[in-house]
Amino acid sequence: MTLFLLLFFFLYRGLCRICGMAVRKVKGPVHEVHGDLDEASKCVLRKMGCKFTSWPEVLLKVFKVDVTDDVESIQPLFFCHRCWLAAIRGGGVCSFTRTKVPEWKPHTSHCYLCFPKKSSFQRTGRKRRKVVPKVQSLAKRARWDHSDHSTVGEKKAQKPFGDRHSSGLKTWKKSSIQREQWVKNITHCQNDHLNTKLIAEKLPGDFIISFTCLVCDHLLCDPVQAPCGHLFCRSCIIKFTHVLGPHCPACNFSCAPDELIPPAKTFLSTLYSLPLLCPCEGCGEHVQLGVFKAHCLNHEFEKGENRHSSQFQNYLLINKGGRPRQHLLSLTRRAQKHRLRDLKSQVKVFADKEEGGDLKSVCLTLFLLALRSGNEHRQADELEAMMQGRGFGLSPAVCLAIRVNTFLSCSQYHKMYRTVKATSGRQIFQPLHTLRAAEKELLPGFHQFEWQPALKNVSTSYNVGIINGLSGWTSSLDDSPADTITRRFRYDVALVSALKDLEEDIMEGLRDTGMEDSACTLGFRVMIKECCDGMGDVSEKHGGGPAIPEKAVRFSFTIMSVSIQGEDDQEEVTIFTEPKPNSELSCKPLCLMFVDESDHETLTAVLGPIVAERNAMKESRLILSIGGMLRSFRFYFRGTGYDEKMVREMEGLEASGSTYICTLCDSGRAEAAQNMVLHSITRSHDENLERYEIWRTNPFSESVDELRDRVKGVSAKPFLETQPTLDALHCDIGNATEFYKIFQDEIGEVYKRPNPSREERRSWRAALDKQLRKKMKLKPVMRMNGNYARRLMTMEAAEVVCELVPSEERREALRELMRLYLQMKPVWRATCPAKECPDQLCRYSFNSQRFADLLSSTFKYRYNGKITNYLHKTLAHVPEIIERDGSIGAWASEGNESANKLFRRFRKMNARQSKAFELEDVLKHHWLYTSKYLQKFMEAHKDSAKAFQATIDSEEIHDDEDVTLEITEF
């Protein structure tokens, strides 16, 4: 019965599960019944409305056949390309053909495929020829009826199967003869392995069987042991499992090629010590199996060498005379072609017949099997990886991620690439030209898109990369040349590239929310956070070019969320939310310029085209392919990542020292100091434009003071709309600066002496710096930065400072002030305060009132008629902003500020040493640094990347310094 099942497996590998035809008769590839849909099939079916992901679901829907309960010993495992076309044309839900699925019955000894009968349509006559049933001839003659396991010829009436004298039937052969015939067709080892008849001594039969291969019945050659304990020749069991499936031929237990192990050394020593009779004429010596081949080879070099027996002549490679036969690898390429010409033609015929002409795959598979049989698994794994398209080296995208995240220049990376290739002998890293090809897909200007309606005054071309920020500069005889260098991406092209970078996250969000993929094509809303800030002094000693300012400004954006309107006008569903909105990894650079942020004219001229593109995108929608389908996106911009100075610059307000201290309301400094809490947001971009027109035209002919009081501090034309909000990072820094001054005043007891001298203030500051450095290891800074502010605003720092305050009453007031501040701080720092700190959010108004009362009473000497800008916003406007936007911390400028150090590192390590090109290189590398696609690779290669960077730059800074925020302007 085992023989019948094995023949069944061998034959059914070439039959279709759906129609029963031989798959080799149908042009096209073969498809696995229980496999998942490939990308091409999935894409076609998805466009037709089918959302199935596996073939069993499609086959059940189209052909009404459930293949999930199939048994490998009964039903075939593949279906033909013709049935695949029928499923595709039916859209995965129906079939337009009349395909009838046959009823597959269990295999029996009366199977026509294994032992055919003489059917009525076969030729009859007196001449008889001996026919050996081969697999291919049987498969060709199999004509299946759609309702039974038998063929059309068997449908006719025939006599009982056991009647050997009946007409039209052939006589049965013994099972041993049948097995010998089909095993020879599989293993082809008759000329390679030794027969058990060569054993010289008469040994017990069971003893000989233990050294016999259970597949070919020859003596074991390169023996391997299956998990069940049976022994085989390595080549025989690999060929057997490849044809008949991964199972043991003796016990039918699972036996995969990678589960084979060499037998025990004791068994091998016994095997190699078996005495064999030399088949050479005139010798007759008893030779052990281990030295049998060497003994027989010695006969070749003897004078008048005897003719070998036919069996041994096929077992050994015989030199037919002439010069000694050279090894194949030592020949020239022409000689190699000549020696292998017959093999090449045979392999080509096989590839054309069985594999559709794919000669390369056949040769690689042969090589892979040879390596596996020789126990060369490491090389086999590398070859298999290369065949699957993975390669044994790193992919270009991984190499690009390593290069960008370790700040390697082109020359440094090329040096590492050559060194690794020379020392290891393998191409682990990819050459530079492959990295350049990979980065083109990640940079803006690669993906096609369309705007409906077309953007006003913006080109419709999509393949636009880095452009000169002064390209639209209007020049005339009266205009002086621009004293700046700037490079930027076009705003719409950059947004398209950022969305394509999030394609996997968007599709995953649709699946997680359970929304229909094919139905979600309209109504996508994308929320953008904009940031702009100066980077301070970025002077470098290298490079030529025009004399430009030694200060720089960066404009960047972050995709905060992507949402979609639900069906039937349901409420909006968020499918993507940026998990780290304040990280430099999510803040994508849009424009870099060498300009002083105080230079209003140059700054507005450079940012003018960006503002025009931004306004045009508000009135249009983007059509972009996401997940293989065109989808519509609308963009909503919020300019929140600005410090106090930049907001006043863009909204046309007076400087920070103005009487009108707030950018959110119209309060003056004296009014805000008297009433610290009860204020509401009144300013907006449109109102500032109206007030500027009043300031410019003075329609009521008022004096300067009256006009200034009417426009509430608007003195220039607003050119960029900002969101009326509070920047959490600069709020921390501003409040920390104020507390730093309060600490000095409390150490010097200013509440007793209102007008101290400058020398006294210096001594108080020195004492404070010394105490903080001694107890908290806080080094003094020239200007407050983010890290210093976070360390200073803690109860630990307050306790350290209280050690220098003489009065116990003042120490308690200082502790209470810090305690209230730490209760309020999480509200504006949290990404989602309603979830992260709901208690502090509910108590914020109460805590802010207590904080204001403490300032106006205990610390009245400092806040009598005056208050700082950020303290006013902290106490008066935080609850209203959170009620409107949901968060303050998520919309901070921290990511843009963190990128200041990235600018300096990219400029030093990756940019060309020229002012004309360095901004372009820095902008490109910074964009790649923020790519989500490359960041996923770096998660897996983080440790190796650190190792590479440590070997290249031994003076690298520590990890704790990487997050330092150098705030150069406050």
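The rules behind the values
- Residues numbered from 1 in each chain as written.
- Predicted model: local features only at pLDDT ≥ 70, side-chain atom pairs only at ≥ 80, totals over all residues.
- Heavy atoms only, no water.
- Helix = DSSP H or I, 4+ residues; strand = E, 2+ residues; numbered from the N terminus.
- Buried < 20%, exposed > 50% of the residue type's maximum accessible area, 1.4 Å probe, protein only.
- Contact = heavy atoms within 4.5 Å.
- Areas by Shrake-Rupley, 256 points an atom, 1.4 Å probe, with all protein chains shown as cover.
- Phe/Tyr/Trp six-rings, centres within 6.5 Å; stacked < 30°, edge-to-face > 60°.
- Lys NZ or Arg CZ within 6 Å of the ring centre and 35° of its normal.
- pLDDT = per-residue confidence, 0-100.
- Axes fitted to C-alpha atoms, helices over the stretch in contact; angles between N-to-C directions.
- Parallel < 35°, antiparallel > 145°, perpendicular 65-115°, else oblique.
- Nonpolar A, V, L, I, M, F, W, Y, C, P; charged D, E, K, R; others polar.
- UniProt positions renumbered as here; feature names shortened; annotations may be inferred.
- Core = buried A, V, L, I, M, F, W, Y, C linked by side-chain atoms within 4.5 Å.
- Salt bridge = Lys/Arg side-chain N within 4 Å of Asp/Glu carboxyl O.
- 1 Å grid on protein atoms, 1.4 Å probe; cavity = no way out; pocket = protein on both sides within 12 Å on 5 of 7 lines; lining within 4 Å.
- Points joined across faces, edges and corners; volume = space filled by probe spheres on them.
- Domains from an automatic or database assignment.
- Disulfide = S-S within 2.5 Å.

## Let's talk about the overall build of the protein
Okay, so step 1: If you tally the helices and strands in the protein, you get 39 helices and 15 strands.
Okay, so step 2: Taken over 970 residues, the protein has a buried fraction of 46%.
Okay, so step 3: Contacts in the protein between residues at least 24 apart in sequence constitute 69% of all its contacts with a sequence separation of at least 6.
Okay, so step 4: In the form shown here, the protein has an accessible surface area of approximately 50,900 Å², with 51% of it arising from carbon and sulfur atoms.

## Here we look at the packing of aromatic side chains
The description of an aromatic ring pair uses the distance of the two centres, along with the angle that the planes make with each other.
Okay, so step 1: Applying the stated criterion across every chain yields a total of 22 aromatic pairs.
Okay, so step 2: For the ring pair Tyr-821 and Trp-828, a centre distance of 5.6 Å and an interplane angle of 65 degrees mean the geometry is edge-to-face.
Okay, so step 3: Above the ring of Phe-407, the side-chain terminus of Arg-905 is found at 3.9 Å from the ring centroid.

## A closer look at the confidence of the model for the protein
Okay, so step 1: Taken residue by residue, the protein gives an average pLDDT of 80. The fraction at 70 or more is 81%.
Okay, so step 2: The lowest-confidence element of the protein is helix H5 (residues 135-141), averaging 36 in pLDDT; the highest-confidence one is helix H19 (residues 491-501), averaging 95.
Okay, so step 3: In this model residues 1-12 is a low-confidence stretch, pLDDT under 50, and it forms 40 contacts with partners more than four residues away in sequence or in other chains.
Okay, so step 4: Counted against residues more than four places away or in other chains, residues 303-322, with its pLDDT under 50, gives 30 contacts.

## A word on the packing of H19 against helix H21 (residues 600-618)
Okay, so step 1: For the pair H19 and H21, the least separation of the axes is 9 Å and the interaxial angle reads 60 degrees. When the axis of H19 is compared with that of H21, the two are oblique. Contacts between H19 and H21 involve Tyr-491, Asp-492 and Leu-495 from the first element and Ile-610, Glu-613, Arg-614 and Met-617 from the second.
Okay, so step 2: Its residues assigned to classes, the contact of H19 with H21 shows 4 nonpolar, no polar and 3 charged.

## Details of the UniProt feature "domain: RING-type" (unreviewed entry) in the protein
Okay, so step 1: In the numbering adopted here, UniProt assigns the feature "domain: RING-type" (unreviewed entry) to residues 213-252.
Okay, so step 2: Helix makes up 28% of residues 213-252 and strand 15%. Its end C-alpha atoms lie 16 Å apart.

## Digging into the packing of helix H33 (residues 844-857) against helix H34 (residues 869-876)
Okay, so step 1: Between H33 and H34, the least distance of the axes is 9 Å, while the angle of their chain directions is 140 degrees. Comparing their axes, H34 and H33 come out oblique. Of H34, the residues touching H33 (which contributes Tyr-844, Ser-848, Phe-851, Ala-852 and Leu-855) are Leu-871, Thr-874 and Leu-875.
Okay, so step 2: Its residues assigned to classes, the contact of H33 with H34 comprises 6 nonpolar, 2 polar and no charged.

## Focus: the nonpolar core
Okay, so step 1: Ranked by internal contacts, the top residues of the largest apolar core, which has 92 residues, are Tyr-491, Phe-555, Phe-557, Ile-559 and Phe-635.
Okay, so step 2: Setting aside residues no more than four positions away along its own chain, Tyr-491 makes contact with Ile-528, Glu-530, Phe-555, Phe-557, Leu-590, Ile-610, Glu-613, Arg-614, Met-617 and Phe-637.
Okay, so step 3: Core analysis: the next-biggest nonpolar cluster, separate from the first, contains 60 residues, Cys-662, Val-800, Tyr-844 and Ile-882 among them.

## A word on the pattern of salt bridges
Okay, so step 1: All chains considered together, the criterion is met by 43 salt bridges.
Okay, so step 2: The salt bridge partner of Glu-530 is Arg-614, with a shortest N-O separation of 2.8 Å. With a gap of 84 residues between them, Glu-530 in strand E10 (residues 524-537) and Arg-614 in helix H21 connect regions that are remote in the sequence.
Okay, so step 3: Judged by its relative accessible area of 1%, Arg-614 falls in the buried class.

## Regarding empty space enclosed by the protein
Okay, so step 1: One pass over the structure, following the stated rule, counts 5 cavities of 30 Å³ or more.
Okay, so step 2: Quantified by volume, the largest cavity comes out at close to 170 Å³.
Okay, so step 3: What lines the largest cavity is a set of 21 residues, and nearest its centre among them are Val-647, Thr-663, Thr-722, Gln-723 and Thr-725.
Okay, so step 4: Of all the secondary structure elements, the ones that give two or more residues to the lining of the largest cavity are strand E15 (629-641), helix H22 (644-651), helix H24 (685-697) and H34.
Okay, so step 5: With 3 residues, H22 is the largest single contributor of residues to the lining of the largest cavity.
Okay, so step 6: In terms of residue class, the lining of the largest cavity is made up of 6 nonpolar, 9 polar and 6 charged.
Okay, so step 7: Of the domains in this structure, domain 3 (443-654 + 901-939) and domain 4 (726-890) are the two that each give at least three residues to the lining of the largest cavity.

## Brief notes about the state of the cysteines
Here a disulfide denotes one covalent bond, and it connects the sulfur atoms of two cysteines.
Okay, so step 1: A full pass over the atoms with the stated rule returns 0 disulfides.
Okay, so step 2: Lacking any disulfide linkage, Cys-19 is separated from the closest cysteine sulfur, that of Cys-16, by 3.5 Å.
Okay, so step 3: Given a relative accessible area of 9%, Cys-19 falls into the buried group.
Okay, so step 4: In this structure Cys-233 is not part of a disulfide, and its nearest cysteine sulfur, from Cys-213, lies 3.8 Å away.
Okay, so step 5: Judged by relative accessible area, Cys-233 falls into the buried class, the value being 0%.

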